[in-house]
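# Understanding the architecture of this molecule
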Amino acid sequence: MGNIRVRFAPSPTGYLHVGGIRTALFNWLFSKSRGGKFILRIEDTDIQRSTREFEAMMISALKWCKIEWDEGPDIGGEFGPYRQSERVKKGIYEKFTDRLIGEKKAYYSIYARDNPQKELFRTYKKEEASSRLHVIKFAVPQGSTVVKDLAKGDVRFDNHEIEDFIIVKSNGYPTYNLAVVIDDATMKITHVIRGEDHLSNTPKQILLYEALNLTLPVFMHIPLILGPDRTPLSKRHGGTSVQYFKSEGILPDALMNHLALLGWGAPKEIFHIKDIISSFNPNRISNKGVIFDYDKLRWINEKHMRTMDIDELFDYFKRWIVEEKIPFSDAVRSDEEYAKEVLDIARQKVSTLKELVVFIPYFFDENYEFTQEFRNKYITKEFARTYLELAHKRFKALDTWDMMRIKDEVEKICRAPDISKKQFIQTLRGALTGRLITPGLYETMSIMGKKRVLRRINRCLEEI
RNA sequence: GGCCCCAUCGGAUAGUGGUGAGUCCAUCUGGUUCUCAGCCAGAAAACCGGGGUUCGACUCCCCGUGGGGCUACCA
């Protein structure tokens, strides 16, 4: 089969969005499943819009997603440099365009400086062009071009449909169509897996491969990710960048799971991408545009949060709350054992870290508020004081403090005829947390510890 | 406009020339638990339209319709 080499080649002109990361993921999955190499290349030939900041953000987004590359601008590699702007400086593209012009397969198109719209004349002579405003255009030959696509089959294009196109801009930079071809060829890319939006440009690229006598890679164009209205997913539809999902408290494992599942007949719903590498088969990727389903992502995230190793989740959680500047992050760091236990019971109740963080602040703040609902429904009732006092007395008397013991005690108290189990439990829950919706009461009490529980009951009693 | 791609419940998919068209998310009903979440049980919900081919088409072909892409000195 030879050595499989695939690449992800983003343009650093904005945030990395889910569509981009999905093609990166499929490329990565493909290379890993075939024991190949995954290359990261930065396509920054649009000098107006490309920035190093965006590049850095893309790299960190990719790393956050745990997509790792074997060669790239940050780590180098045999076929570097991996930034097109640097390849321009090395004269890599020029060598090829000189050849094309020499063979009259491309020409200089000279423009008027005072009217850059107007083509003055064409020439093959460098001397004539160099002092004037010019671009290099590829001379599209007669005939037709067939794209052999792994997903679409053979797609035929009539060359008449394709105009001579610019391959080198007037600023000397190659255009996309030229740069991809030369880079993919010189980097020995064997499979080009990319978004469907590139399909129509592929014949141009094939023409270039043929003119330059380079070996064609295998192409595969995968459908785009759409918003609910079936237009390409964009900011209008909500957050789309990897950063957005990160700050929403989505786990990278869940995002990857969802993206992998989207438009792919995966063998199961919940998985870790590392575990599906061997079963990855690009032929199973659906051929139609797919709508990004935020609800399903939440569900997948929930599953990952609940089943993932607690230490791993906790490590991630600690970093996340600092980055998101969550008020109680200091408290978490000051008592990690406690915080980890809180995380462990609370994760069963929420779907994202963002939800988690609004669900549990009272665990870390002794001045938690009593919600209005708790006040109306319970604090104002007669049984509140009586039973909270009783609870305090009974809990104080306990010599051991574990869940079973607590449960027994609570249930004993509930047997009283003038209060229902629900009433008592909700009163106690409210006293300890200020709220009526929390993790399980027994777990909560057990984790909070006897001292804290007694203190909190007292604090509530003062409010009554 | 021209060229190209695509089309199964609301979303994602499974599926075969003959099926009660299956599954997951979401929705709705019940059940269970200390709240919530979950879990369990159930319901509703689809083959874009029209022509062919065929004994028979969701499936194969053509035409429409709809959606998307390309047609940039953006990638």
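Shown above is the structure to which this text applies.
Presented here is an overview of the structure given in this document. (Residues numbered from 1 in each chain as written. Chains lettered and ligands numbered in written order. Predicted model: local features only at pLDDT ≥ 70, side-chain atom pairs only at ≥ 80, totals over all residues. Heavy atoms only, no water.)

This part covers the overall build of chain A. When you go through chain A residue by residue, the secondary structure sums to 21 helices and 12 strands. In terms of overall dimensions, chain A is more spread out than a globule: its C-alpha atoms have a radius of gyration of 31 Å, far above the 23 Å expected for 464 residues. Its C-alpha atoms put chain A at 100 × 45 × 40 Å along the principal axes. Relative to its full complement of 464 residues, chain A shows a buried share of 53%. Contacts in chain A between residues far apart in sequence, at least 24 positions, make up 72% of those at least 6 positions apart. Surface accessibility of chain A: about 21900 Å² in total, with carbon and sulfur atoms responsible for 49%. Taking the average place of the 74 positive charges on the side chains of chain A and the average place of its 65 negative ones, the gap between the two points comes to 1 Å. (Helix = DSSP H or I, 4+ residues; strand = E, 2+ residues; numbered from the N terminus. Rg over C-alpha atoms; globule rule 2.2 N^0.38 Å. Buried < 20%, exposed > 50% of the residue type's maximum accessible area, 1.4 Å probe, protein only. Contact = heavy atoms within 4.5 Å. Areas by Shrake-Rupley, 256 points an atom, 1.4 Å probe, with all protein chains shown as cover. Lys, Arg positive; Asp, Glu negative; His and termini not counted. Charge placed at Lys NZ, Arg CZ, Asp CG, Glu CD.)

Along the chain, the position of K137 falls in strand β5 (residues 133-138). Look at K137: it is buried, it has no salt bridge, and the nearest opposite charge is E119 at 4.0 Å. Within the local environment of K137, its side chain forms a polar contact with the side chain of Y111, the two groups lying 3.5 Å apart. (Salt bridge = Lys/Arg side-chain N within 4 Å of Asp/Glu carboxyl O. Polar contact = N/O pair within 3.5 Å; in protein donor to acceptor, adjacent residues only side chain to side chain.)

A few words now on the nonpolar core. Ranked by internal contacts, the top residues of the largest apolar core, which has 111 residues, are I21, I67, F317, I360, F395 and L428. Considering every element that reaches this core, the biggest residue donor is helix α1 (residues 18-33), with eight residues. What L428 contacts, discounting residues up to four positions off in sequence, is L388, F395, V410, L441, M445 and I457. (Core = buried A, V, L, I, M, F, W, Y, C linked by side-chain atoms within 4.5 Å.)

Moving on: the protein's contact with RNA strand B. Residues in close proximity to RNA strand B total 59 residues, the closest being K169, N201, K288, K349 and R429. Put simply, 73% of the atoms of RNA strand B that lie within 4 Å of the protein are in sugar or phosphate. Residue Y176 places a main-chain N or O atom 3.2 Å away from a phosphate oxygen belonging to RNA strand B. S286 has a polar side-chain atom sitting 3.0 Å from a phosphate oxygen of RNA strand B. With six residues, helix α11 (residues 294-307) is the largest single contributor of residues to the surface near RNA strand B. (Near = heavy atom within 4 Å.)

With that out of the way, let us pick up the pattern of salt bridges. Using the criterion set out here, one finds 40 salt bridges in the structure. The shortest N-O distance in the salt bridge between E55 and R52 comes to 3.6 Å. Placement of both E55 and R52 in helix α2 (residues 52-64) is noted, with a separation of three residues, approximately one turn of the helix. Overall, R52 belongs to the partly exposed group, its relative accessible area being 47%. K246 is the partner of E323 in a salt bridge, and the nearest nitrogen-oxygen pair spans 3.1 Å. A residue pair is termed long-range when its members are at least 10 positions apart, and E323 in helix α12 (residues 310-323) and K246 in helix α8 (residues 242-247) qualify at 77 residues. Residues joined in a network through salt bridges with shared partners are R7, R41, E43, R87, D183 and D184.

Let us look at the pairing of strand β7 (residues 153-158). The pairing of strand β6 (residues 144-149) with β7 spans six bridges and is antiparallel. Paired with T145 across the bridge in β7 is F157. Hairpin geometry of β6 and β7 is characterised by an intervening segment of three residues between the two adjacent antiparallel strands. (Pairing = 2+ DSSP bridges.)

This part is about the packing of helix α14 (residues 336-346) against helix α20 (residues 441-448). Packing of α14 against α20 leaves a shortest axis separation of 10 Å and a crossing angle of 175°. When the interaxial angle is binned, α14 and α20 end up roughly antiparallel. Here Y338, E341, V342 and I345 of α14 come into contact with α20, specifically with E443, T444, I447 and M448. Of the residues assigned to the contact of α14 with α20, the class counts are five nonpolar, one polar and two charged. (Axes fitted to C-alpha atoms, helices over the stretch in contact; angles between N-to-C directions. Parallel < 35°, antiparallel > 145°, perpendicular 65-115°, else oblique. Nonpolar A, V, L, I, M, F, W, Y, C, P; charged D, E, K, R; others polar.)

Interpretation note: all reported values are geometric properties and have no functional meaning in isolation.
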